[in-house]
Amino acid sequence: MRPRAYRLGLIFLVGMAALNALMLWRAGSEIAQGYGDFASFYTAGKIVQRGQASQLYDRRLQWHVQQEFAPEVRTRRGPLPYIRPPFEALLFLPLAYLKFAPAHLLWSILNVMGLFLFLFLLPRDLGDENHLYALDLLVCAAFFPLAYDLLAGQDAILLLLVMVIALRSLLAGKDFLTGMVLGLGLFKFNLLIPVFLVFLLRKKLRVFGGLMVTACVLLLISVAVVGPAALVGYPKYLWDLDHAVGVGVITAETMPNVRGLLVPLLGTRTISNLLHLFLAAVVLAGVAVTAHIWGTDNSDRNPRVTMAGFSLLIVVTLVTSYYANSYDLTLLLIPIFLLSRDFAAAQLIRGWPRTLFLSCVALLLFSAVWWVIALPINQFFWMGWVLLVFAVALGRTVQIWQHQRSKL
């Protein structure tokens, strides 16, 4: 990269990082009052702490608990619902012994520590001996989804850690361990199930076997936490929340995926059975296309193909998912860090794939657009177009690396 372009890039990143820091600082008082999503996690921890875990998905109990620690929140007509599986509630049990504000602060500190661990675990180019970790931190600070995750007190960084550890295992050829690690991400099963379907179509049966081991353990933990009856009623609880209005669950306009693009286009917030079938077909199509482009088991012998394929998997999973939020795009830090060096160098990846990739990264880092425009008018779904273009660029990148491998 030319020195002048590098300096301009640094100025841009510093500016976006400063904007993110400003938005977090301005939201500080509201976060302490319980406006963020962390309130639902803290509620789950409190319910388990009080021995009422069998009522974890009782919205009346959730509302009662939230009125105790967040009575000043005026934007809700009911509780901010806890929507994760029962086993994740145990993660917030220790935090429930603290008051809400200190618990949220500790959770934020743990998330920042997790981000540092992610950067440490991220696979690096063996030839990149002079890597600047300070630049990585600046990119993270400028990345809107990450800033929004910290503001909301969400758990996207936890899933980011799961994915990068799984990638390291995959690169090491430890397929069974890869599946076990990925299974830990089932607290967001809506994103993980398509991931496992891709590996299944790629005939990575040991990955699927590892998943089943972890899934069974988590299932037993969930039964032990809430009991069989609450666990059986969990899917209906989620379905009812998805179809309810004004219960603190995100709407389609805030989803950066195909669903987010379609529902506003159709001019309705309700989803018909036909549209449900279409969205299911979109997920399956994304799974099939990703598995086909990435190829079978032999393609993982080339680290570059594996990293590009894993990056494609992340982007396609996000854009085709039925349920996604802006903070889920924190996962895009993986393809950004893994592939930006190759695209910026323009040694092999050239032409339109390079242009599309770099343009998408620039838009993802342009936090001002998302803070000032998309969020205030509640239309983050436009990011879905960026992800679709991103997926096209990564799909072509996988094919290019596979072609290079075949020539060796």
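Relevant structure appears above.
What counts, and where the lines are drawn
Residues numbered from 1 in each chain as written. Predicted model: local features only at pLDDT ≥ 70, side-chain atom pairs only at ≥ 80, totals over all residues. Heavy atoms only, no water. Axes fitted to C-alpha atoms, helices over the stretch in contact; angles between N-to-C directions. Helix = DSSP H or I, 4+ residues; strand = E, 2+ residues; numbered from the N terminus. Parallel < 35°, antiparallel > 145°, perpendicular 65-115°, else oblique. Left-handed = near helix turned anticlockwise from the far one by under 90°. Contact = heavy atoms within 4.5 Å. Salt bridge = Lys/Arg side-chain N within 4 Å of Asp/Glu carboxyl O. Buried < 20%, exposed > 50% of the residue type's maximum accessible area, 1.4 Å probe, protein only. Phe/Tyr/Trp six-rings, centres within 6.5 Å; stacked < 30°, edge-to-face > 60°. Lys NZ or Arg CZ within 6 Å of the ring centre and 35° of its normal.

Asks: Even after reading the chapter, I still don't get the packing of helix α3 (residues 38-49) against helix α6 (residues 100-121), so can you show me in this structure?
Replies: How two helices sit against one another is set out by the angle between their axes and by the gap between those axes. Taken N-terminus to C-terminus, the directions of α3 and α6 make an angle of 110°; their axes are 11 Å apart at the nearest point. It follows that α3 is roughly perpendicular to α6 by the angle criterion. The chirality of how α3 crosses α6 is right-handed. Only F100, A103, H104 and W107 of α6 make contact with α3, whose side of the interface consists of F38, A39 and Y42.

Asks: Would you explain the pattern of salt bridges in this entry?
Replies: Any two side chains of opposite charge can pair, given that their charged atoms come close. Evaluation of the coordinates by the stated rule reveals 8 salt bridges. The salt bridge partner of K188 is D328, with a shortest N-O separation of 2.4 Å. Taken as a pair, K188 in the loop between α10 (175-183) and α11 (189-201) and D328 in the loop between α16 (303-320) and α17 (333-345) lie far apart in primary sequence, 140 residues in all. D328 carries the same exposure label as K188, and that label is buried. For the salt bridge of K236 with D240, the shortest nitrogen-to-oxygen distance reads 2.8 Å.

Asks: Just to check I follow, could you spell out the environment of L184 for this structure?
Replies: Relative to the elements of secondary structure, L184 occurs in the loop between α10 and α11. Judged by relative accessible area, which is 46%, L184 ranks as partly exposed. A C-alpha to C-alpha distance of 7.9 Å links L184 and A215, two positions 31 residues apart in sequence. Ignoring any residue separated from it by four or fewer positions in sequence, one finds L184 in contact with V162 and T214.

Asks: Please explain the packing of aromatic side chains as it appears in this structure.
Replies: Within a pair of aromatic rings, the relevant descriptors are the distance that separates the centres and the angle that separates the planes. All told, the structure shown has 23 aromatic pairs when counted by the stated rule. When the ring of F144 is compared with that of W371, the centres are 4.8 Å apart and the planes differ by 80°; the resulting orientation is edge-to-face. One end of the pair, F144, is in helix α8 (residues 144-152); the other, W371, is in helix α19 (residues 367-374), and 227 residues separate them in sequence. For W371, a relative accessible area of 8% puts it in the buried group. Three or more aromatic residues joined by ring pairs make a cluster, and in this case those are F38, F41, Y42, Y57, F69, Y82, F92, F100, W107, F189, Y234 and Y237. In this structure, R202 is placed above the aromatic ring of W294, and the distance from its NZ or CZ to the ring centre is 3.8 Å. One Lys or Arg, R259, reaches over the ring of Y322 and ends 4.1 Å from the middle of that ring.

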